[in-house]
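Chains, contacts and geometry: an overview
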Amino acid sequence: MMIKTLPQVHIETFGCQMNESDSELVRSLLKQEGFSFTEDRERADVVLVNTCAIRENAHKKIYAHLSELKTVKKQRPLVVGVLGCMAQNLKSELAQKEPLIDVLAGPDSYRQLPSLLAAALESQEQGFSQKGFALDLSEYETYDGIMPDRVTGVNAWITVMRGCDNFCSFCVVPYTRGRERSRDPESILLEAREALARRFKQITLLGQNVNSYRYGEWDFAKLISAIADQPGIERVRFTSPHPKDFPPTLIEAIATHPKICKHVHLPLQSGSDRILDMMGRTYTGAEYLSLAERIRAIIPDVVLTTDIICGFCSESDEDFQATVRLVEQAQLDSAYIFKYSERKHTIAARKYADDVPDHLKGQRVAKLVEIQRAITGERNRRYIGKTMEILVEGDATRSSKQGMGKTDGNITVVWEKGTGHSEPGTLMTKHIFDASAATLYGK
Ligand code: SAH
Ligand code: SF4
Ligand code: F3S
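Residues numbered from 1 in each chain as written. Chains lettered and ligands numbered in written order. Predicted model: local features only at pLDDT ≥ 70, side-chain atom pairs only at ≥ 80, totals over all residues. Heavy atoms only, no water.

**Concerning the overall build of the protein**
Within the protein, the secondary structure is distributed over 13 helices and 21 strands. Taken over C-alpha atoms, the radius of gyration comes to 23 Å for the protein, in line with the 22 Å a tight globule of 443 residues would show. Taking the principal axes of its C-alpha atoms as reference, the protein extends roughly 65 × 55 × 45 Å. Here the protein, with 443 residues, has 56% of them falling under the buried criterion. Long-range contacts, defined here as pairs at least 24 residues apart, represent 75% of the contacts in the protein between residues at least 6 apart. By element, 50% of the accessible surface of the protein is carried by carbon and sulfur atoms, the whole surface being about 19600 Å². Each charge class in the protein was averaged separately, 57 positive and 59 negative side chains, and the resulting centres sit 3 Å apart. (Helix = DSSP H or I, 4+ residues; strand = E, 2+ residues; numbered from the N terminus. Rg over C-alpha atoms; globule rule 2.2 N^0.38 Å. Buried < 20%, exposed > 50% of the residue type's maximum accessible area, 1.4 Å probe, protein only. Contact = heavy atoms within 4.5 Å. Areas by Shrake-Rupley, 256 points an atom, 1.4 Å probe, with all protein chains shown as cover. Lys, Arg positive; Asp, Glu negative; His and termini not counted. Charge placed at Lys NZ, Arg CZ, Asp CG, Glu CD.)

Structure below.
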């Protein structure tokens with residue numbers, strides 16, 4: 001298929017790193033078919049919105065964004081495509097509710113995007129509107145052989161597995177991204193070599209359940225070690241793992257390979273065994289703690305981070321206190337803490353009442369954030385007086401006079417730039433002289 005004029009596409013990405021990575025795939029798929037991309041929405045013939053469905057807040061953000069696009073579309077011709085998890089989750093309901101949408105495509109259907117967009121552009125030119133939907137989930141699609149059109153920078157995302165079979169009762173991901181499937185390691189390694197040839201310094205391996213990666217003889221420990229062995233690489237990260245898949249070989253690989261970052265994101269979700277069981281997480285609070293201890297024993301300087309949900313169905317004060325106690329015991333380096341948000345289709349939505357009042361969810365989140373902030377501050381102060389290796393990412397958000405980079409453990413460091421230039425992608429050592437719960441200050 002060839003298109004007469006080069007349509008300009010603008011893409012906006014919401015949600016997690018997997019969506020960032022998918023947007024890079026979409027850019028590659030569309031460029032192959034003669035579309036070009038623009039950063040400037042005002043100049044775009046097509047606006048694509050890659051969406052997230054994980055919490056109701058994510059939906060709200062996207063609805064607000066779509067109503068902005070409605071105003072744009074009143075003023076000039078525009079094709080609007082909605083991609084990603086919210087498209088997959090709400091399907092035709094979304095298209096009916098939002099007449100401005102011309103194309104809907106879910107995470108496994110992006111190969112169909114070029115033809116759907118071309119049809120939408122053509123029908124618009126002829127003065128009518130034809131909607132196009134591609135919403136089938138696949139058991140096999142891994143987009144092998146499509147080299148992502150990467151956003152330039154220091155880090156290259158590589159999706160190594162897609163979907164999720166865990167069906168944690170609160171979570172919409174198995175419904176928006178379908179069954180779990182791992183990519184051929186050869187194609188992953190090819191992609192890694194290509195990214196390194198283009199001078200990306202860090203590779204982050206992605207999957208909703210990344211450590212359950214399996215392809216024939218290959219498990220995640222073998223895969224991450226093979227990536228870390230590639231010439232030119234400085235750092236390898238991975239996200240998100242599930243606590244159920246941490247064999248000793250993986251912990252060993254992280255501990256011993258100099259290029260594998262000593263950071264493990266270990267989602268806890270709750271400290272109450274009753275709630276963990278209802279969530280379908282397959283571990284108890286004690287088992288979580290002992291895994292954290294095992295990881296720390298083998299990787300002494302490891303940075304451990306987590307996700308926690310407050311106010312899941314039937315969560316009592318006692319359950320919440322169990323989470324507080326576990327957080328205090330575990331002394332993790334930082335945590336993302338969320339209010340439970342009921343999602344359509346999920347096991348929890350079908351089986352349990354969303355019965356914790358919203359204000360109580362909010363109170364519990366605030367309380368836990370306060371407790372974790374103190375722990376994080378304390379943990380970060382351990383670095384004061386130490387010299388650390390930083391991978392420079394660019395300017396600090398606050399001021400272009402400050403540089404910003406990450407430690408091996410993924411903690412943000414800022415410093416005054418002064419005379420010595422620090423190009424993104426370079427490794428530097430910084431002496432840490434101060435720390436807050438969010439940032440280390442270096443010189
Ligand atoms: N696959 C990853 C996480 C996916 S979503 C994993 O298993 O760790 C990221 C985080 O969002 C989850 O860890 C969870 O804490 C949170 N989350 C997921 N569904 C949610 C919901 N319905 N309400 C509130 N938080 C949720
Ligand atoms: Fe969702 Fe659980 Fe799968 Fe993570 S492991 S994506 S929380 S179902
Ligand atoms: Fe959101 Fe889908 Fe990622 S629901 S968190 S964009 S997998």
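**With respect to the nonpolar core**
Formed by 57 residues in total, the largest nonpolar core has its most connected members in V160, I203, L205, F220, I227, V264 and I295. For this core, the element with the highest residue contribution is helix α7 (residues 220–228), accounting for 7 residues. Viewed by domain, this core spans two of them, domain 2 (154–261) and domain 3 (267–381), each represented by three or more residues. Beyond its immediate chain neighbours, meaning those up to four positions away, V160 contacts S182, R183, I188, L205, L206, V210, Y213 and L223. Core analysis: the next-biggest nonpolar cluster, separate from the first, contains 24 residues, V49, V80, M86 and L135 among them. (Core = buried A, V, L, I, M, F, W, Y, C linked by side-chain atoms within 4.5 Å. Domains from an automatic or database assignment.)

**Remarks on empty space enclosed by the protein**
Where empty space is left can be seen by rolling a probe of water-molecule size over the atoms. Evaluation of the coordinates by the stated rule reveals 1 cavity of 30 Å³ or more. Roughly 80 Å³ of internal volume is contained in the largest cavity. In this structure, the largest cavity is lined by S21, L25, T142, Y143, I146, P148, T159, R162, R183 and E191. Looking at the lining of the largest cavity, its residues break down into 4 nonpolar, 3 polar and 3 charged. (1 Å grid on protein atoms, 1.4 Å probe; cavity = no way out; pocket = protein on both sides within 12 Å on 5 of 7 lines; lining within 4 Å. Points joined across faces, edges and corners; volume = space filled by probe spheres on them. Nonpolar A, V, L, I, M, F, W, Y, C, P; charged D, E, K, R; others polar.)

**Structural notes on the site of ligand 1**
Contacts to ligand 1 come from 15 residues, most closely from Q208, P267, Q269, D307 and S341. In this structure, Q269 approaches ligand 1 through a side-chain N or O atom, which is 2.7 Å from an oxygen atom. One of the side-chain N or O atoms of D307 is found 2.7 Å from an oxygen atom in ligand 1. Across the complex, the protein chains shield 91% of the 540 Å² of accessible surface that ligand 1 would expose by itself. (Near = heavy atom within 4 Å. Polar contact = N/O pair within 3.5 Å; in protein donor to acceptor, adjacent residues only side chain to side chain.)

**Topic: the sheet that holds strand β10 (residues 202–206)**
Read across the sheet, 3 strands follow the order β7-β10-β13 without closing on themselves; strand pairing throughout is parallel. Two strands close off the open sheet at either side, each with one partner strand: β7 (155–159) and β13 (235–239). Taking each pair of neighbouring strands and ignoring which way they run, the sheet shows an average axis angle of 25°. Both β10 and β13 contribute to a ladder of 5 bridges, which runs parallel. When the sheet's bridge partners are listed, T204 is paired in β13 with R237. (Pairing = 2+ DSSP bridges. Axes fitted to C-alpha atoms, helices over the stretch in contact; angles between N-to-C directions.)

**Some details on the sheet that holds strand β14 (residues 263–265)**
Pairing within the open sheet is parallel, and its 3 strands lie in the order β14-β15-β16. The sheet terminates laterally at β14 and β16 (334–339), the two strands that pair on one side only. Adjacent strand axes in the sheet meet at a mean angle of 15°, parallel and antiparallel pairs treated alike. Across the face of the sheet, helix α13 (residues 358–381) comes into contact with β15 (303–310) and β16 while running at roughly 175° to β16.

**Comments concerning the domain arrangement of the protein**
In terms of domains, the protein is made up of domain 1 (8–134), domain 2 (154–261), domain 3 (267–381) and domain 4 (384–442). Look at where the C-alpha atoms of domain 1 and domain 3 centre, and you get two points 34 Å apart. Tallying the contact residues gives 8 residues for domain 1 and 6 residues for domain 3. The junction of domain 1 with domain 3 conceals about 550 Å² of combined surface from both sides, 35% of it contributed by carbon and sulfur atoms. For domain 1, the biggest contributors to the area lost against domain 3 are R55, E56 and N89; these three give 70% of the whole. Our enumeration of links across domain 1 and domain 3 arrives at 2 salt bridges. A salt bridge links E93 to K344, with the nearest nitrogen and oxygen atoms 3.1 Å apart. Our count for the contact surface shared by domain 1 and domain 3 stands at 6 residue pairs in polar contact (both at pLDDT 80 or more). Going through the elements one at a time, α2 (56–75) and α3 (84–97) are the ones with two or more residues in the side of domain 1 that touches domain 3. (Buried area = accessible area lost by both parts, 1.4 Å probe. Salt bridge = Lys/Arg side-chain N within 4 Å of Asp/Glu carboxyl O.)

**A word on the pattern of salt bridges**
A side chain of one charge can pair with a side chain of the opposite charge when the charged atoms of the two come close. Within this structure, the stated rule accounts for 29 salt bridges. Measuring nitrogen to oxygen at the nearest pair gives 3.5 Å for the salt bridge that ties D333 to R382. One end of the pair, D333, is in the loop between α11 (317–330) and β16; the other, R382, is in the loop between α13 and β17 (387–395), and 49 residues separate them in sequence. The exposure class of D333 is buried, given its relative accessible area of 3%. Residue R382 is classed as partly exposed on the basis of its relative accessible area, which comes to 36%. A salt bridge links D358 to K339, with the nearest nitrogen and oxygen atoms 3.2 Å apart. Here D358, found in helix α13, pairs with K339, found in strand β16; they are 19 residues apart in sequence, far enough to count as distant.

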